[in-house]
Amino acid sequence: MSTVTTRNPLAAYIVRHADDNMVIGQRLAQYISRAPELEEELAVANIALDHIGVADHLFTYAAKVEGGGRTGDDLAMLRTEREYTNLLLVEQEHDGFGELIARQFFFDAYQALLWEALADSTDDTLSGVAQRAAKEATYHLRHSSAWVIRLGDGTHESHRRIQRATDRLWRFTAEMFEADDLDRQMAADGIGVDPSTLRDAWESTVDSVLEEATLTRPEDSFQTSGGRTGVHTELLGPMLAEMQWLQRSYPGLSW
Amino acid sequence: MDARTEEERFNAIIDDDEKIEPRDWMPEAYRKTVIRQMAQHAHSEVIGMQPEANWIARAPTLLRKAILIAKVQDEAGHGLYLYSATETLGVSRGELQELLHTGKQKYSSIFNYPTLSWADIGAIGWLVDGAAIVNQIVLQGTSYGPYARAMVKICKEESFHARQGYSIMMTLADGSDSQKAMCQDAIDRWWWPSLMMFGPHDSESAHTAESMSWKIKRKTNDELRQMFVDQTVPQARYLGMTIPDPDLEFDEESGHWKIGEIDWEEFWSTIRGDGRLNRERIAHKVKAWEDGAWVREAATAYAVKHGMKLDKSA
Amino acid sequence: MSYDVPVAPGDTPAEVQFGGGVDHGFPLWEVFVRAKRGLSHTHVGSIHASDAETAIQNARDGYTRRAEGVSVWVVPSKEIVASDDAESMFEPFEHKPYRHPTFYDIPKEVGQL
Ligand SMILES: [Fe+2]
Ligand SMILES: [Fe+2]
């Protein structure tokens, strides 16, 4: 853990969830104008807006908690790859709609549980964001599950593609439930949740959707992690380079 | 009931400023004109997503990013409303899309220009959506009911588009020298294409007379263009920016701003398909459609397998 | 007019026959939105969707982005049965003014009636 975003544990905790939402929101946003149908353009944009909205709220709150004069936008736009603490899952690229949906499904199933738990946080701001985000995540999960089922139980080709996407992204799923010291401390303080406690419920959602989708639960036991300590895959850097380009090219201006 | 009576009824509805509805009898040429205009309007909304989507990933702040996504999403929605209105005349969206993809139907020439800086996002909202709004407000009074209703809904959503664009321009005009230069450069590139959006002069416009008499069009190209110029010139001045037209001057007598001559050669070549990005825009659209084929096929296959069940529960 | 794309001089527009052509899309559904509690669902337009469940989602994403609704209905467009011949069906009702309260002159002194 060489690069610490902030020495304030609460701020660091909020930032990691903001990062998850920022990064997946950015990935979804990159897909706009490329969807398989016009209706799906609207759906994907709505989901992107929800994630970016959550990120914005959380970054702004973290900046306030941190109290060092940074703004929420500074946290989003001026931290490096090593300082971003998102899960590896959300930074994964999609080669098309199948991977986009598989990534979203795994993450939605996790976030629906996470926000439900954080809605009870003793931290009022976090609890407020979580209550709103829980409703959004429920809808996102409904959307992504519906697609996993349709693609899995659709044509031979779509079954093959969504199975492949599920297999490819599986290795990034265990990280969601890895608790580190910060998680445990926040959980003990009643502010946060120990993510390992969400695992069983996540598995049962995932199993039942995969089953309805006639998909095979991936068997590969290899799992990778590191996002929470800023050790990413090689995909986050280029994404941040694009996302932060304007702010870094013209430092210190308002937009 | 013979066709003559039907035609008289149709004309009476138009004369009374009432709306023609999908199942009404209508002259074949009216039907074709309305379909063509609504379809090309729909195509424009959808293709128009691309130049702005080009900056979503690079938007400078989270708020600007969210605004831009919401705006581009609205344009997808406008495409949806307009295709939906067109489909009331028994033409399927698939058919219309095919016509777009094969170049048999066109979209507004404005979307063939590239977005090269963040200021272009401001300029598009302010000038391009601004021009579209002038046009669409008038179209709320168009004689085909579903088209008029789609316009009402679209106009409600559009005013935020122009405002967010102008808000970007105000921030840039108020910013650093580099931001001011960015702002001016965007105006220099988008001003004339925005004026071209209104189409050729009335004297050159093949469809105007017929469309006016059927009240599909309610104002001519030149009238609409003048409305736009009159409202936009003071806005440019407020920004402290220059409009790239040395001949622009206020005509005291008429109370209107007079503009210099538009480069119609550029306009027609863009319409013909030789604009900056015509090929890229269509290629992008076709690729998205083809890449999505397996998804659509899957959804259809799933519905067939489970179709009975879903229909009953619906 | 901004979106009525003109035909360039010297170009001939492609002759297009509408209706009965290709359709590789999903079925069409009519969308009805209840704007708020206490109001009926009102027709707002249509969407395409492969099945009822996705039709509901598409209607929500397409027509309630600004919180325009608290409930949506979707109906397969082909299931809509519509009246025809407005002249014989509806005009006869225009000639029965006695069905409207304003037809009757009641003296003020009579009070609320
Ligand atoms: Fe629009
Ligand atoms: Fe717009």
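Trainee: Run through the interface of chain B and chain A, naming residues and quoting values.
Mentor: If you look at the interface, chain B gives 47 residues, while chain A gives 47 residues. Counting the surface lost from both chain B and chain A, the interface buries some 4000 Å², and carbon and sulfur atoms represent 70% of this. Considering only the side of chain B, the residues that lose the most area to chain A are L62, W294 and Y302 of chain B, jointly responsible for 20% of the buried surface there. Applying the counting criterion to the chain B and chain A interface returns three salt bridges. Note that E39 of chain A and R93 of chain B form a salt bridge whose closest N and O atoms lie 2.7 Å from each other.

Trainee: Any chance you could break down the coordination of the iron ion (ligand 2) for me, citing the residues and the numbers?
Mentor: Residue and element names in this part refer to chain B. Bound to the iron ion (ligand 2) are the protein donor atoms E75 (OE), D129 (OD), E158 (OE) and H161 (ND1), situated 2.0 to 2.2 Å from the metal. If you look at the iron ion (ligand 2), its four donor atoms make angles of 80 to 166° with each other, and the shape they trace is irregular. For the iron ion (ligand 2), the single-chain donor residues occur in sequence as E-x53-D-x28-E-x2-H. The distance between the iron ion (ligand 2) and the iron ion (ligand 1) comes to 3.3 Å, with E75 serving as a donor to both metals. Here the residue D129 occupies a position in helix 6 (residues 118-139), and H161 occupies one in helix 7 (residues 145-173), the gap between them amounting to 32 residues. A relative accessible area of 4% places D129 in the buried class.

Trainee: Give a detailed account of a nonpolar patch on the surface, specifying residues and quantitative values.
Mentor: Residues and elements named next belong to chain C. Together, Y98, F103, Y104, I106, V110 and L113 make up a nonpolar patch on the protein surface, roughly 660 Å² of accessible area in all. Looking at the element boundaries, F103 is found in the segment after helix 2 (86-90). Using a relative accessible area of 44% as the deciding quantity, one classes F103 as partly exposed.

Trainee: Residues and numbers for the sheet that holds strand 1 (residues 28-34) of chain C, please.
Mentor: Residues and elements named next belong to chain C. Across the sheet, three strands lie side by side as 2-1-3; this open sheet has antiparallel pairing. A strand with exactly one partner marks an edge of an open sheet, and here the two such strands are strand 2 (41-48) and strand 3 (71-76). Across the sheet, the axes of successive neighbouring strands diverge by a mean angle of 30°, strand direction being ignored. Sheet analysis places strand 1 next to strand 2, joined by seven bridges and oriented antiparallel. Looking across to strand 2, one finds that F32 is bridged to H43.

Procedures and definitions
Position labels on residues start from 1 in each chain and follow its written sequence. Naming scheme: in the order in which they are written, chains are lettered from A and ligands are numbered from 1. Totals for whole chains, interfaces and linings use all residues, but because this is a predicted model, local features are given only for residues with pLDDT of at least 70 and pairs of side-chain atoms are given and counted only at 80 or more. Side-chain metrics in this entry use all non-hydrogen atoms of the structure; hydrogen atoms and water are not considered. We call two residues in contact when some of their heavy atoms are within 4.5 Å. By buried area we mean how much accessible surface two parts lose on assembly, using a 1.4 Å probe and totalling the loss over both. For salt bridges, the criterion is a side-chain nitrogen of Lys or Arg within 4 Å of an Asp or Glu carboxyl oxygen. For Na, K and Ca the donor cutoff is 3.2 Å, while for all other metals N, O and S atoms count as donors only within 2.8 Å; water does not appear among the atoms, so some sites may look incomplete. In short, tetrahedral needs four donors with all angles between 85 and 135 degrees, square planar needs four and octahedral six donors with opposite donors over 155 degrees apart and all other angles between 65 and 115, and whatever is left is irregular. Here a helix means four or more residues in a row that DSSP labels H or I, a strand means two or more in a row labelled E, and each is numbered from the N terminus. The cut-offs for exposure are 20% and 50% of the maximum accessible area for each residue type, with area from a 1.4 Å probe on protein chains only; residues under the lower value are buried, those over the upper are exposed, and the others partly exposed. Two joining distances apply to patches: 9 Å for like charges and 5 Å for nonpolar side chains (Val, Leu, Ile, Met, Phe, Trp, Tyr), and every residue must have over 30% relative accessible area and no salt bridge. All accessible-area figures derive from a Shrake-Rupley calculation using a 1.4 Å probe, and residue coverage is judged against the displayed protein chains alone. A pair of strands is labelled paired if DSSP reports no fewer than 2 bridges between them. To get an axis, fit a line to the C-alpha atoms, keeping to the stretch in contact for a helix; angles then go from 0 to 180 degrees between the N-to-C directions.

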